[in-house]
Amino acid sequence: MKPQTESVLDLFRAAGAYLEGHFLLTSGLHSGAYLQCALVLQHPRAAESLGRLLAQELRKQAAEPVALVASPALGGLIIGHEVARALGARFIFTERDAVTKKMSLRRGFTVSPGETAVVVEDVITTGGSTQDVVDVLNAAGANVLAAGSIIDRSGGRAEVGVPRAALATLQVAAHSPGECPLCASGIPVVKPGSRPA
Ligand code: ZN
């Protein structure tokens, strides 16, 4: 594990953001561990530090200066905003329709033709949300240079069509519901994002 991965995970441990149990991930997979980024990002200084670190990694991946950072709501909002601050870029976000599940730009957000952009998310598992934002930006005429996340749970395997950066790359076991050993042992599954404190 890279030293940077350890120092990022230490931030999560210090914030009580490294949860163990039986979790339903946004991807639909189940996992015995969950990194609750919101618990780290509730501390603005930690959010700013992570944003600065991720901006450095994204600069290495992007061949040109970045004018725009875009994130999927809700998970990407705080870290995307902090990366944009560090890059001197503007920040916009996409939202997913509750019914159609289609990702789009709302609230009057627009993209200039050829505008250089990166997509930032808190955690990548399958890359699905980041890929959707890349597609929305490309369709709007942007030039998407790279994508980044605080945590990469895919072990580096997620493909989103552009170069990727992450502060911590993990190989966390995730199971489809039919093959989940935690389901088999009867432990109730919880959706970490929606669980009341
Ligand atoms: Zn399960």
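In this text, all values refer to a predicted model and were calculated from it rather than measured experimentally. (Residues numbered from 1 in each chain as written. Predicted model: local features only at pLDDT ≥ 70, side-chain atom pairs only at ≥ 80, totals over all residues. Heavy atoms only, no water.)

Let us look at the pattern of salt bridges. For the structure shown, the criterion picks out 8 salt bridges. A salt bridge links Arg 164 to Asp 152; its shortest N-O distance comes to 3.0 Å. With a gap of 12 residues between them, Arg 164 in strand β8 (residues 164-169) and Asp 152 in strand β7 (residues 143-152) connect regions that are remote in the sequence. This pair shows no difference in class: Arg 164 is buried, exactly as Asp 152 is. (Salt bridge = Lys/Arg side-chain N within 4 Å of Asp/Glu carboxyl O. Helix = DSSP H or I, 4+ residues; strand = E, 2+ residues; numbered from the N terminus. Buried < 20%, exposed > 50% of the residue type's maximum accessible area, 1.4 Å probe, protein only.)

We now examine the nonpolar core. The biggest cluster of nonpolar side chains holds 37 residues, and the ones touching the most others in it are Phe 12, Val 69, Val 83, Ile 150 and Ile 151. In this structure Ile 151 touches Val 8, Leu 9, Phe 12, Leu 35, Asp 122, Val 123, Ile 124, Ala 168 and Leu 170, once residues within four positions along its chain are discounted. By size, the runner-up hydrophobic cluster in this structure holds 16 residues, among which are Ala 117, Val 136, Ala 147 and Val 162. (Core = buried A, V, L, I, M, F, W, Y, C linked by side-chain atoms within 4.5 Å. Contact = heavy atoms within 4.5 Å.)

Moving on to the coordination of the zinc ion. Summarising the metal site, the zinc ion is bound by the protein donors His 22 (NE2), His 30 (ND1), Cys 180 (SG) and Cys 183 (SG), whose distances to it range over 2.0 to 2.4 Å. Around the zinc ion sit 4 donor atoms; with metal-centred angles ranging over 92 to 125°, the donor geometry is tetrahedral. Donor residues for the zinc ion, ordered by position in the chain, follow H-x7-H-x149-C-x2-C. A residue pair is termed long-range when its members are at least 10 positions apart, and His 22 in strand β1 (residues 18-24) and Cys 183 in helix α6 (residues 181-184) qualify at 161 residues. (Donors = N, O, S within 2.8 Å, 3.2 Å for Na, K, Ca; no water. Tetrahedral: all angles 85-135°; square planar, octahedral: opposite > 155°, others 65-115°.)

Looking at where Ser 71 falls in the secondary structure, it is placed in strand β3 (residues 68-72). At 3.2 Å, the side chain of Ser 71 and the backbone oxygen of Gly 76 are in polar contact. Contact partners of Ser 71, with chain neighbours within four places excluded, come to Gly 76, Leu 77, Gly 80, Phe 91, Ile 92, Phe 93, Thr 94, Val 120 and Val 133. (Polar contact = N/O pair within 3.5 Å; in protein donor to acceptor, adjacent residues only side chain to side chain.)

This part covers the sheet that holds strand β4 (residues 90-96). Taken in spatial order, the 6 strands make up an open sheet running β5-β4-β3-β6-β7-β8, and their pairing is mixed. Whereas interior strands pair on both sides, the edge strands pair on one side only; in this sheet they are β5 (103-105) and β8. With direction set aside, neighbouring strand axes in the sheet form an average angle of 25°. Sheet analysis places β4 next to β5, joined by 3 bridges and oriented antiparallel. Within β5, the residue paired with Glu 95 across the bridge is Ser 104. Strands β3, β4, β6 (116-124) and β7 of the sheet are contacted by helix α4 (residues 77-87), whose axis makes an angle of about 170° with β3. In this fold helix α5 (residues 128-139) packs onto β3, β4, β5, β6 and β7, with an angle of close to 165° to the strand it touches most, β6. (Pairing = 2+ DSSP bridges. Axes fitted to C-alpha atoms, helices over the stretch in contact; angles between N-to-C directions.)

Attention now moves to the pairing of strand β2 (residues 30-35). Buried residues dominate β2, accounting for 5 of its 6 residues. Across 5 bridges, the pairing between β1 and β2 is antiparallel. By the bridge assignment for β2, Phe 23 is matched with Ser 31. Connecting the antiparallel pair β1 and β2 is a turn made up of 5 residues, with Gly 28 showing a positive phi of about 95°. In the sheet, β2 pairs with strand β9 (residues 174-175) via 2 bridges, with the strands oriented antiparallel. By the bridge assignment, Ser 31 is partnered in β9 with Ala 174.

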